[in-house]
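This is what each chain is made of:
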Amino acid sequence: MSLPAVAPNDITSLRSRIDAIDAEITRLVAERRAYSHAVQASRLHRGGPRTELARERGIIERYAASLGPTGIALANLLLTDCRGTLPHSPAIARGVRA
Ligand SMILES: O=C(O)C(=O)C[C@]1(C(=O)O)C=C[C@@H](O)C=C1
């Protein structure tokens, strides 16, 4: 991974790049959650189960291949976040947060 030209001792510039990356990551996590909820809602609508463990295993394997053990932890966190209560679910209506 090569970095754009930033003086190595320019901590302010380096941190501002980190902050921009974090903002992008959190935006992508929210976008991923929305797509994940759409897939889960579609599956439920067709009478299927809400989760699909074979698909989750494939995702975890991809993260592991890219990032090693940290990737496994990250994939599990993402899947937990994306599996949360669907916006239209009765649990939400009762005020329960997954
Ligand atoms: O890809 C799917 O089938 C999804 O429902 C999305 C997703 C995910 O967030 O990646 C969420 C729940 C499933 O158990 C598997 C994967």
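Attention in this report is confined to the structure presented alongside it. (Residues numbered from 1 in each chain as written. Predicted model: local features only at pLDDT ≥ 70, side-chain atom pairs only at ≥ 80, totals over all residues. Heavy atoms only, no water.)

## Quick look at the pattern of salt bridges
Okay, so step 1: With the rule as written, the count across this model stands at 4 salt bridges.
Okay, so step 2: Salt-bridge contacts for Arg27 lead to Glu31; the nearest nitrogen and oxygen are separated by 3.0 Å. Taken together, the positions of Arg27 and Glu31, both in helix H1 (residues 11-45) and 4 residues apart, correspond to about one turn of that helix.
Okay, so step 3: Residue classification places Arg27 among the partly exposed residues on the basis of a relative accessible area of 48%.
Okay, so step 4: One salt bridge in this structure joins Arg33 and Asp81, with 2.8 Å as the shortest N-O distance. (Salt bridge = Lys/Arg side-chain N within 4 Å of Asp/Glu carboxyl O. Helix = DSSP H or I, 4+ residues; strand = E, 2+ residues; numbered from the N terminus. Buried < 20%, exposed > 50% of the residue type's maximum accessible area, 1.4 Å probe, protein only.)

## Concerning the site of the ligand
Okay, so step 1: Around the ligand lies a shell formed by Arg32, Ser36, Val39, Gln40, Arg43, Thr51, Glu52, Arg55, Glu56, Ile59, Leu79 and Cys82.
Okay, so step 2: Contacts to the ligand include Arg32, whose side-chain N or O atom sits 2.8 Å from an oxygen atom.
Okay, so step 3: In the environment of the ligand, an oxygen atom lies 2.7 Å from a nitrogen or oxygen atom belonging to the side chain of Ser36.
Okay, so step 4: The protein chains hide 93% of the 360 Å² of surface that the ligand would expose on its own.
Okay, so step 5: For the shell around the ligand, the elements supplying multiple residues, two or more each, are H1, helix H2 (53-67) and helix H3 (69-83).
Okay, so step 6: Considering every element that reaches the shell around the ligand, the biggest residue donor is H1, with 5 residues. (Near = heavy atom within 4 Å. Polar contact = N/O pair within 3.5 Å; in protein donor to acceptor, adjacent residues only side chain to side chain. Areas by Shrake-Rupley, 256 points an atom, 1.4 Å probe, with all protein chains shown as cover.)

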